[in-house]
Amino acid sequence: MRISVFGCGYLGAVHAACMVKLGHEVVGIDVIEAQVTALAEGRAPFHEPGLPELLEEALATGRLRFSTDAAEAAGAEVHFVCVGTPQKRGENAADLRYVQAAVDDLIPHLSPGDVVVGKSTVPVGTAENIAARLWKDAPEVTLLWNPEFLREGHAVDDTLRPDRFVYGVQAGEADARAVARLDEVYAVALADGTPKLVTDLATAQLVKVAANSFLATKISFINAMAELCEATGADVTQLADAIGLDDRIGRRFLDAGLGFGGGCLPKDIRAFMARAGELGADQALSFLREVDAINMRRRVRMVDLAREELGGSIVQRRIAVLGAAFKPHSDDVRDSPALSVAAQMQLQGASVTVTDPWAVPNARKKWPDLTFVDNVEDALRGAELVLVGTEWPEYVALDPEKVSRLVKDRRIIDGRNCLDPTAWRDAGWTYRALGRP
Ligand SMILES: NC(=O)C1=CN([C@@H]2O[C@H](COP(=O)(O)OP(=O)(O)OC[C@H]3O[C@@H](n4cnc5c(N)ncnc54)[C@H](O)[C@@H]3O)[C@@H](O)[C@H]2O)C=CC1
Ligand SMILES: O=C(O)[C@H]1O[C@H](OP(=O)(O)OP(=O)(O)OC[C@H]2O[C@@H](n3ccc(=O)[nH]c3=O)[C@H](O)[C@@H]2O)[C@H](O)[C@@H](O)[C@@H]1O
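For every chain, the first residue of the written sequence is number 1, and numbering continues from 1 along that sequence. Just so you know, chain letters begin at A and ligand numbers begin at 1, following the order they were written in. Local features are withheld for residues below a pLDDT of 70 in this predicted model, meaning they are given only at 70 or higher, and side-chain atom pairs are given and counted only at 80 or more; totals for whole chains, interfaces and linings count all residues. Working from all heavy atoms in the structure, the side-chain values ignore hydrogens and water.

## Section: the UniProt feature "domain: UDP-glucose/GDP-mannose dehydrogenase C-terminal" (unreviewed entry) in the protein chain
Selection rule: UniProt positions are given in the numbering used here, feature names are shortened, and annotations may be inferred rather than shown by experiment. The helix count covers DSSP runs of H or I at least four residues long, the strand count covers runs of E at least two residues long, and both are numbered beginning at the N terminus.
UniProt feature "domain: UDP-glucose/GDP-mannose dehydrogenase C-terminal" (unreviewed entry): in the numbering of this structure it lies at residues 320–421. Annotation note: span residues 320–421, helix share 32%, strand share 19%, distance between end C-alpha atoms 18 Å.

See the structure below:
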């Protein structure tokens with residue numbers, strides 16, 4: 001099947017390469033020339049495990065190309081929309097201008113019978129507006145909404161072996177043909193037994209934001225428990241293990257710490273609240289305001305803890321921050337809790353050095369005033385306080401004895417509850433964490 005993918009960022013680049021792996025011929029379209037050039041040369045423009053190898057393999061088949069020219073989408077039968085839907089500046093709502101522009105760019109190159117498949121995360125109602133637009137300008141083209149659930153750091157596997165497919169459809173014969181076509185695209189995964197749910201357009205759009213809202217709520221729930229643990233001397237990691245053993249609750253997404261960041265959960269819950277307000281249903285999602293507030297409070301608590309540990313002031317104190325990415329195995333620094341804490345401490349007068357195995361270039365672009373180093377030893381050298389902001393395996397594996405000689409003072413705050421407190425305390429460190437005695 002010939003496929004086009006509009007938007008070759010974290011979602012689209014992985015999707016394009018994976019579609020080749022599934023046997024299709026793909027053109028990836030993006031408006032950023034440098035990104036297209038890098039991808040066409042087999043260089044992933046961001047860090048995603050497995051993507052460089054997959055790109056190389058896909059390019060070698062001759063069935064994958066990239067372009068900035070939307071006209072290259074002509075001749076494809078299925079067109080995926082994977083462009084960004086960031087938070088509007090100064091507002092909670094999603095900025096839909098990239099989705100609108102991609103649809104505008106695509107329409108002149110569509111042929112009768114083509115299927116447009118929306119994958120970007122959008123406020124409910126967006127798909128219906130696009131469908132109306134296609135009805136007017138390309139009436140023999142069908143729109144499906146097929147939200148994406150991949151996680152950064154696991155994107156390749158999540159795309160090739162997803163937990164489920166959701167197809168949002170309109171009513172009618174054309175939709176049955178479009179569904180059959182999307183089934184052909186995903187034939188390999190469907191044959192492996194991946195569940196498929198066919199819903200109306202509104203439900204499909206809601207499934208996506210509901211899933212992300214649930215995940216964000218689960219994280220904020222455990223972080224609220226961490227606040228209680230801090231007030232009582234209890235241990236949130238044991239609490240999570242204990243409640244997580246109940247199958248109905250489950251242990252996943254109960255890791256307390258600095259909370260959620262990234263290009264998705266924070267902006268998606270805010271956009272969902274904004275859309276609910278427009279629909280006159282804001283009360284239904286008022287709990288998400290609290291989910292957001294609990295999440296942001298963890299960052300403030302981390303800075304307060306640093307101040308407490310340093311005897312009341314962080315001004316001119318040397319603090320090493322391990323981690324800049326919003327989560328391990330990614331170089332994405334969008335709304336990164338670790339970076340936000342580092343920046344806050346710097347703004348409050350601390351002398352902060354940040355390191356990360358992959359995210360330093362992106363972090364430097366975002367916060368050029370922070371000091372960045374490429375390796376953990378340089379970050380630790382002379383530090384009066386060490387703060388773990390992202391649980392990269394190499395930080396989890398640090399030997400507290402070995403790194404003792406690098407720092408000025410042995411003080412560590414584990415912002416991700418990822419270290420063994422006993423090992424650090426036994427090596428003479430003052431160990432503090434969020435929600436753990
Ligand atoms: N990053 C993730 O893990 C996931 C993201 N999503 C959703 O997917 C969408 C994309 O997210 P990301 O890939 O993270 O964003 P991104 O910002 O990494 O990538 C978006 C890409 O779209 C390109 N673009 C903008 N306008 C365009 C146009 N008119 N034509 C072609 N390309 C255009 C941009 O240049 C950029 O490269 C968002 O709605 C996001 O919420 C959904 C699931 C997972
Ligand atoms: O819509 C999206 O883009 C994606 O958003 C999230 O994926 P992602 O943002 O890649 O990362 P997650 O693994 O969900 O982590 C998000 C944040 O929550 C934090 N987190 C996660 C789990 C946990 O127990 N505690 C916790 O604080 C992570 O450190 C990270 O900052 C969802 O997990 C994906 O299913 C979804 O497709």
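Next comes the rest of the account.
## Focus on the site of ligand 2
Spelled out, the test is: Each residue is tested against the molecule or strand, and it is near if at least one of its non-hydrogen atoms lies within 4 Å. We call two N or O atoms a polar contact when they sit within 3.5 Å, provided that within protein one can donate a hydrogen and the other can accept it, with sequence-adjacent residues counted only if both atoms are side-chain atoms. Calculation of accessible area relied on Shrake-Rupley with a 1.4 Å probe; when residues are assessed, cover is drawn exclusively from the protein chains displayed. Only Asp, Glu, Lys and Arg are considered charged in this grouping, and only Ala, Val, Leu, Ile, Met, Phe, Trp, Tyr, Cys and Pro are considered nonpolar; every other residue, Gly among them, is considered polar.
Near ligand 2 there are 21 residues, and of these Leu 150, Glu 152, Lys 208, Asn 212 and Cys 264 occur at the shortest range. Contact distances for ligand 2 include 2.8 Å between an oxygen atom and a backbone N or O atom of Asp 255. Burial of ligand 2 by the surrounding chains reaches 90%, relative to a free accessible area of 710 Å². Put simply, the parts of the chain that give the shell around ligand 2 at least two residues each are α9 (201–232) and α11 (265–278). No other element matches the four residues that α9 contributes to the shell around ligand 2. Here the residues of the shell around ligand 2 are counted per class, giving ten nonpolar, three polar and eight charged.

## Re the confidence of the model for the protein chain
We apply this condition: pLDDT measures the predictor's confidence residue by residue and takes values from 0 up to 100.
For the protein chain, per-residue confidence averages 97 on the pLDDT scale, and residues scoring 70 or more make up 100% of the total. With a pTM of 0.97, the predicted complex shows an ipTM of 0.99.

## Points about the packing of α9 against α11
Two packed helices can be described by the angle between their axes and the distance between those axes. Just so we agree on the cut-off: Between N-to-C directions, angles span 0 to 180 degrees; the directions come from axes that are lines fitted to C-alpha atoms, helices contributing only their stretch in contact. In a left-handed crossing the near helix is turned counterclockwise from the far helix by less than a right angle, and in a right-handed crossing that turn is clockwise. In what follows, residue pairs with any heavy atoms lying within 4.5 Å of each other are defined as contacts.
Axis separation between α9 and α11 bottoms out at 9 Å; the angle between their running directions is 115°. In the packing of α9 onto α11, the handedness of the crossing is left-handed. Of the residues in α11, those in contact with Leu 206, Val 209, Ala 210, Asn 212, Ser 213, Ala 216 and Ile 219 of α9 are Leu 265, Asp 268, Ile 269 and Phe 272. Among the residues forming the contact of α9 with α11, the class breakdown is eight nonpolar, two polar and one charged.

## A word on a negative patch on the surface
Using the following cut-off: A residue counts toward a patch only above 30% relative accessible area and without a salt bridge, and it is joined to like-charged neighbours within 9 Å or, for Val, Leu, Ile, Met, Phe, Trp and Tyr, to nonpolar neighbours within 5 Å. For this analysis, a salt bridge means a side-chain nitrogen from Lys or Arg found within 4 Å of a carboxyl oxygen belonging to Asp or Glu. Asp and Glu are treated as the negative residues and Lys and Arg as the positive ones, with His and the ends of the chain left uncounted. Charge positions are represented by NZ for Lys, CZ for Arg, CG for Asp and CD for Glu. The buried label goes to any residue with under 20% of its type's maximum accessible area, the exposed label to any with over 50%, and the partly exposed label to all in between, with areas taken from a 1.4 Å probe on protein chains only.
Residues Asp 399, Glu 401, Asp 420 and Asp 426 make up a contiguous surface patch of negative charge. Residue placement: Asp 399 occurs in the loop between α16 (393–396) and α17 (400–404). Since its relative accessible area comes to 33%, Asp 399 is described here as partly exposed.

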